[in-house]
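What the coordinates show
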Amino acid sequence: MALSRTTNQETTVPGIRRYRATVRMRLALTYSALLTGSGIIMLGLVYVFMRFVPTYDLAAATVTPATTAVPGSTPDPSAPVPGVPEGSTPAVPSGTASELLVTSTDQMLNLLLVISLVVLVVLAVIGVVVGWAVAGRMLKPLQYINAAVRGATHGDLGQRIGLAGPRDEISELATNFDTMLEQLERSFAASKRFASNASHELSTPLATSRAMLDVAIAKHDGPEFTKVLHRLRIMNERSIEITRALLELARVDSATARTEPIDLAATAAEVARACAAEAAAHGIKVELSLDPAAMAGDPVLIRQLLTNLVQNAIRHNTDGDGHLSIQTASSGAHGEATLVVANSGPVLEPGIVQSLTEPFFRAAGRTSSSGSKGHGLGLSIVSAILERHRGTLDLEAQPTGGLRVTVTFPGAGVFAE
């Protein structure tokens, strides 16, 4: 999950990343360059040796003029051949007229240079092809490691690479990565069990304390005593809400998100209707701008995410004259579903916005009294649900007060892959 945070500090925007060839292509080109370079050195040495070391004594080829034969006549073998001394045998051509004829040292060396260049080009092409195949075979184990890293990034810590084969640097990397995944899985499982067990263990005594406080409030009429009991009742109810929120957070962390088609606009409208009574009780005006936004995910978790965002916007708002807007849309090249929840309220410092997704954190200026319904886990649960759905969360403190939350989900096709 990517979390975009707005701060009042000056940030540096990284430059555009230049295109860079893959490792496999770079290895293939390196192999080809080494092979071609070795060929250049070898052929260069051969050329220098052939030019300066040997002494050549090449005889000029004898050119035999063509004779015209008269049809029906028989050539006289004893007749002299022009250009051939008497008593010697004329040269008989051993090949066709297109045969390559070398008559001087310069011609032979030039021919050697041309053939060498052709061989170098062939070596370069062969080097790229062979290097591509060899590099692909060498780097194939990294594909398994990359897939495991991608799965771990999306919360799947149960997979293992299990790379078999000879022991080398890549197999040691895979083994160490499997060990790291195993330790992380045990650590996360232990923390989830602790949160779940602690929440369950706290639920029973808190519920019992609430029942006892209700009985005590009903039986005692003293104003001071009743006031104390009411305050204890509020604190007890707050503890129960925190326990329930911890249970929800533990359930989200341990759940596997389903992938069902969801219309984010329809779910937002349903949540807005469910929270309308609470918004009216606080005097908050709710504005809806719901365009169709198709996505794929777990309907229960998406509804919980929307409920947490809307309740958070209602409870940390300005009572009496506050406003709340909910917008959904579909945009982007892959049809990303976007949800925007903006509310009025106290002015927030931009530097604090980055900490709002931390458990039990409440920014200065947000409701934090003992009678508050907030427990500091709403955005933490939202963050956990977004991580399950590969979504992004952008928190922005509005200049006039309040918070603007932008949630982006991948398109249905992207998430289903």
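Residues numbered from 1 in each chain as written. Predicted model: local features only at pLDDT ≥ 70, side-chain atom pairs only at ≥ 80, totals over all residues. Heavy atoms only, no water.

The protein chain appears in an unreviewed UniProt entry as histidine kinase from Paeniglutamicibacter kerguelensis. Under the heading Catalytic activity (unreviewed entry), UniProt records this for the protein chain: "ATP + protein L-histidine = ADP + protein N-phospho-L-histidine." UniProt, in the comment section headed Subcellular location (unreviewed entry), describes the protein chain in these words: "Cell membrane". (UniProt positions renumbered as here; feature names shortened; annotations may be inferred.)

Describing the overall build of the protein chain
Scanning the protein chain from N- to C-terminus turns up nine helices and eight strands. A sequence separation of at least 24 residues applies to 74% of the contacts in the protein chain between residues at least 6 apart. Taken as a whole, the protein chain presents about 26100 Å² of accessible surface, with 60% of it coming from carbon and sulfur. (Helix = DSSP H or I, 4+ residues; strand = E, 2+ residues; numbered from the N terminus. Contact = heavy atoms within 4.5 Å. Areas by Shrake-Rupley, 256 points an atom, 1.4 Å probe, with all protein chains shown as cover.)

Some remarks on the UniProt feature "transmembrane region" (unreviewed entry) in the protein chain
Here the UniProt-annotated "transmembrane region" (unreviewed entry) positions come out as residues 27-50 and 111-135. Between the C-alpha atoms that bound residues 111-135 the distance is 35 Å, and the span itself is 100% helix and 0% strand.

Structural notes on helix 8 (residues 378-388)
Within helix 8, nine of the eleven residues are buried, leaving the element largely enclosed by the surrounding structure. Among the residues of helix 8, Gly378, Leu379, Ser380, Ile381, Val382, Ser383, Ala384, Ile385 and Leu386 are the ones counted as buried. At the exit of helix 8 stands Arg390, carrying a positive phi of roughly 60°. (Buried < 20%, exposed > 50% of the residue type's maximum accessible area, 1.4 Å probe, protein only.)

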